[in-house]
Amino acid sequence: MATLIVPPVRPSPRDDAMQLYRAFKGFGCDTSAVINILAHRDATQRAYIQQEYKAMYSEELPKRLASELRGKLETAVLLWMHDPARRDATIIRKSLTADNKTLESATEVICSRTPSQLQYLKQIYHSMFGVYLEHDIQTNTSPGDHQKILLSYISTPRPEGFEVNREIAQKDAKVLYKAGEKKLGTDEKTFIHIFSERSAAHLAAVSSYYHDMYGHSLKKAVKNETSGRFAHALLTIVQCAVNPGKYFAKVLHKAMKGLGTDDSTLIRVIVTRTEIDMQYIKAEYSKKYKKMLNDEVHSETSGDYRAFLLALLGPNH
């Protein structure tokens, strides 16, 4: 469930392009006009606006936006202008090649996408950067379990349906228990194999059987048995299989709690999930933290940047 509020009567992309051009002209940019248009258009409409803008004014809209906007607002709007696959590719590429590689956003994006999204993402990645995603992961991550799970996760075909073979799911739960909590040390290979080959619905069932059989969640087992980036990848996979809304609510909460705000995470999650499941994320957020996501974002941000994020989040209820 998306939260994007789009006008009931579709405005013509041509009109939007003209309005934007007007907002750029004159002294300074009319930022609120830009936000009012772009934050209320879906991916298809945004693509048409960019085509019209280029046809009418012979310049690329994102380029113009980059020269008119500043700081966090610029980052958020430019990310929003991409279609989902190009956006994911941009986030991953930046995460893999940045100087201060934390690899957190690359891991999160890869491990929370469906197999068909990943297939398309790989094609787009190659066409945008002239290099294969697999190659970029190999070059920019250190050899080890984290690298193995990422490579395995983007290359293994997984079913996307909802049907689950209960016997296999129960068996997987036992196998993971034997590979992890039951033995001294962890058999990482088994975790990589099951986590990258099973569908989300299947992993959710494994998680539930694990809880029935061993008294705590598979998530807890992963936390006990693995650490660092490898743990982050496995936890993202299992939590997004069980409840993606809850997972992203946690990511957002972590980005805002304590001193200072992790704006790049805030932007990434809001911009990438707005057209997917933001209603669920908001519901999970208020359930878990007894606060409205909108209110938290409001108190952690300011100015046009705040206005843009809140426009994407839509009304509180």
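Keep in mind that what you see is a predicted model, and the values were worked out from it rather than measured.

Now, about the packing of aromatic side chains: what can you tell me, with residues and values included?
Across all of its chains, the model carries 11 aromatic pairs by this definition. For the ring pair Tyr125 and Phe129, a centre distance of 4.9 Å and an interplane angle of 65° mean the geometry is edge-to-face. Within this pair, Tyr125 and its partner Phe129 are both found in helix α8 (residues 115-129), separated by four residues, close to a single helical turn. Ring centres 3.8 Å apart and planes at 10° place the aromatic pair Tyr177 and Tyr214 in the stacked group. Taken together, the positions of Tyr177 in helix α11 (residues 166-179) and Tyr214 in helix α13 (residues 200-214) put the pair 37 residues apart, joining distant regions of the chain. Take Tyr177: its relative accessible area is 24%, and that puts it in the partly exposed class. Relative accessible area serves as the criterion here: at 23%, Tyr214 is assigned to the partly exposed category. Joined through ring pairs, the aromatic side chains of Tyr21, Phe24, Tyr53 and Tyr57 make up one cluster.

Explain the state of the cysteines to me, using residue names and the numbers behind them.
Per the stated rule, a full pass over the model turns up zero disulfides. Cys111 takes part in no disulfide bond, and the closest cysteine sulfur, belonging to Cys240, lies 8.5 Å away.

Requested: an account of helix α16 (residues 244-256), with residues and values cited.
Over its 13 residues, α16 extends 19 Å from the first C-alpha to the last, a length consistent with the 18 Å expected when each residue adds 1.5 Å. Looking at the buried residues of α16, the elements they touch are α7 (104-111), α15 (228-242), α17 (263-273), α18 (278-289) and α19 (293-300). Immediately downstream of α16, the backbone of Gly258 shows phi near 75°, a positive value.

Kindly report on the environment of Thr102, identifying the contributing residues and their values.
Along the chain, Thr102 falls in the loop between α6 (84-97) and α7. A residue is classified by how much of its surface remains accessible, and Thr102, at 46% relative accessible area, is partly exposed. Separated by 159 residues in sequence, Thr102 and Thr261 place their C-alpha atoms 17 Å apart.

Before we move on, could you go through the nonpolar core and cite the residues and values that matter?
Leu38, Leu65, Ile92, Phe195, Ile270, Leu293 and Phe308 are the most contacted members of the largest nonpolar core, which totals 91 residues. Here the element with the most residues in this core is α15; it accounts for eight residues. Setting aside residues up to four positions removed in sequence, Leu293 forms contacts with Leu252, Met256, Met278, Ile281, Lys282, Tyr285 and Leu313.

An account of unusual backbone geometry is requested, with residue identities and associated values reported.
Positive phi, normally seen in glycine, also occurs at Ser58, with a value near 45°. Within the fold, Ser58 resides in the loop between α3 (43-57) and α4 (61-68). Positioned with a positive phi, Lys290 is a non-glycine residue whose angle comes to about 55°. Exposure remark for Lys290: the relative accessible area of 70% places this residue in the exposed category.

Conventions we followed
Note that residues are indexed from 1 along each chain, following the sequence as it is written. Note on the predicted model: pLDDT of at least 70 is required for a residue's local features to be given, and 80 or more for side-chain atom pairs to be given and counted; whole-chain, interface and lining totals, by contrast, use all residues. Each side-chain value is derived from all of the structure's non-hydrogen atoms; neither hydrogens nor water enter the calculation. Note on aromatic contacts: the rings of Phe and Tyr and the six-membered ring of Trp form a pair at centre separations within 6.5 Å, being stacked when their planes are under 30 degrees apart, edge-to-face when over 60 apart, and tilted otherwise. Starting at the N terminus, helices and strands are each numbered in turn, a helix being any DSSP run of H or I of at least four residues and a strand any DSSP run of E of at least two. Classification of residues uses two cut-offs on accessible area relative to the type maximum, computed with a 1.4 Å probe and protein chains only: under 20% is buried, over 50% is exposed, and between them is partly exposed. In this description, a disulfide is simply a cysteine sulfur pair whose atoms lie within 2.5 Å. Take the number of residues in a helix, subtract one, and multiply by 1.5 Å to get its expected span. Two residues qualify as a contact provided that any one of their heavy atoms is within 4.5 Å of a heavy atom in the partner residue. In these notes, a set of buried Ala, Val, Leu, Ile, Met, Phe, Trp, Tyr and Cys residues joined through side-chain atoms within 4.5 Å is what counts as a nonpolar core.

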